Amino acid sequence: MEDTSKICPNCGSTAVEEHDAAGASVCTDCGVVIEENAIVSNVEFVEGQGGASSMVGQFVSATSRKAYTGGRGGYGFARDSRETTLANGRRKIQEVASRLRLGGHYVDAAHRLFTIAVEKNFVQGRRTIHVVAACLYISCRQEKSQHMLIDFSDALQVNVYTLGTTFLKFRRLLGLKLEILDPALYVYRFAAHLDLDDQANAVALTALRLVGRMKRDWIVAGRRPAGICAAALLIAARAHGFSKDPQDVTRILRVCGMTVNTRVKEFEQTPSASLTLDQFNRVDLETEVDPPAFTRNRIMEARARAIEEKNIELLRSGALDNPLAGKRAITKWRDGKTSQKAEAFEKLYRSLEEEIANANSQIPNETAEEEGKDNKQGAEEEKEDNDEPQHGNDNGPESTQGERNSDNEAPSGDTEEGAEGRLANRNNVTTASQSWDKA
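Q: I tried to follow unusual backbone geometry on my own but got confused; where do I start?
A: Phi at Asn 121 is positive, roughly 60°, even though this residue is not glycine. On the secondary structure map, Asn 121 appears in the loop between α2 (104-119) and α3 (128-143). Phi at Lys 310 is positive, roughly 55°, even though this residue is not glycine. Position of Lys 310 relative to the elements: it lies in the loop between α12 (292-309) and α13 (312-317). The exposure class of Lys 310 is exposed, given its relative accessible area of 70%.

This is the structure we're talking about:
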């Protein structure tokens, strides 16, 4: 098949023949190959031995850098590890998206984020499923869907804090600024799980108005949307006559019961809390209250100022009590009373301190007693060494002293022979003692 639109760069002829099977263009005049391995959009098959058909050419996708032959092994050349990682990542993204019933545009957005993660080596040292969940969650946040991070944790059976850590690090790496989701997005989703029967829509509408009122009263700022949604649903359900406990809401939204109680107490301090259901649905108050954190800090500053000024009447009047605190904690700081448990712990700590002090005081006394015993024992041993009799004399110190006196002073009645005999005996004793010392 000749193509007259192409010109041969060698001879300038327009007689160019194309071979679609080989993807080449050849000049019929000079024989120069103008193009080869051209990428075409059509697919051709040929019949081989035994009637088996095979595809002609190689397949090249939009994201791959090497051709795919379609045979066993998949690739005509060695497959790049990055392409393998991207293919596995897209497959896992599709699996997680199918579990959470996410559309195809979420998958495409998550795969683009996963490609960036692979290029920046973010997947190294981390499990691929964690990075996949972070990419899908970012795409859901960008599209403002109703999915929360704990939904991914339930679908993958992975700790939510592990996924949260991966998400925060990946967002910091990309420098993304994600907007905080509106709590109103979760109202209809979780209102359907509260067993409200036909009043589910009416309760959801009231909860939406409550969320809008909380925004004006600075209760939503800096708070997690799940806690705001749980408090709004609880108040709306009770306003419509349903007997709901905080546990019924916390079980569905996976939030702490203390968080829900705190949001409810903060709403009780607003003027809208004193309105009836009809008045709340018809009247929009223009006044706004201060943020709860601002009010709490002003109360603490007023307490400190009253303590410095020693204004006892103001401290005891109850005007500086925190209304958001519990019933016991409201007056606890003013009364100065401690609970039985705190008193028991204080007694325990005091007894432990006394035992430690007694033990430390006994250590020097024991050391002094041991040193006194050692000194006394050494003195006794030294005394025994001094009182030991000399060798060759078994009669004790008195006999020894007597012998010395008898040797030095001869009796007046002794003869000269007796003195010589005593001298010989003394020489014999000295010789014997010397022989014993040598032995």
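Further notes follow.
Q: Sorry, what's going on with the nonpolar core here?
A: Nonpolar side chains tend to gather and get buried jointly when the protein is soluble and globular. Counting residues in each nonpolar core, the largest one holds 35 residues, and the members touching the most others are Phe 190, Leu 210, Met 214, Cys 229, Leu 233 and Leu 253. Going through the elements one at a time, α6 (187-191), α7 (200-216), α8 (225-239), α9 (246-253) and α10 (257-268) are the ones with two or more residues in this core. The leading source of residues in this core is α8, at eleven residues. Counting residues in hydrophobic clusters, the runner-up holds 33 residues, among them Leu 100, Leu 136, Phe 152 and Leu 156.

Q: I would appreciate a short explanation of the pattern of salt bridges in the present structure.
A: Opposite charge on two side chains permits them to pair, given that their charged atoms come into close proximity. Scanning the model with the defined rule gives 13 salt bridges in all. Where Glu 266 meets Arg 223, a salt bridge forms, and the shortest distance between an N and an O atom there is 2.8 Å. Taken together, the positions of Glu 266 in helix α10 and Arg 223 in the loop between α7 and α8 put the pair 43 residues apart, joining distant regions of the chain. Grouping residues by exposure puts Glu 266 and Arg 223 together as buried. Members of the salt-bridge network, linked through shared partners, are Arg 223, Arg 263 and Glu 266.

Reading guide: rules and limits
Each residue is numbered by its place in its chain's sequence as written, counting from 1. Only residues with pLDDT of at least 70 get local features here, since the model is predicted, and only at 80 or more are side-chain atom pairs given and counted; chain-wide, interface and lining totals rely on the full set of residues. With hydrogens and water excluded, all non-hydrogen atoms of the structure serve as input to the side-chain values. To qualify as a helix, a DSSP run of H or I must reach at least 4 residues; to qualify as a strand, a run of E must reach at least 2; elements of each kind are numbered from the N terminus. Buried means the residue's accessible area, taken with a 1.4 Å probe over protein chains only, is under 20% of the maximum for its type, while exposed means over 50%, and partly exposed covers the values in between. Buried residues of nine kinds, namely Ala, Val, Leu, Ile, Met, Phe, Trp, Tyr and Cys, make up a nonpolar core once their side-chain atoms join them within 4.5 Å. Salt bridge, as used here: a side-chain nitrogen of Lys or Arg that lies within 4 Å of a carboxyl oxygen of Asp or Glu.

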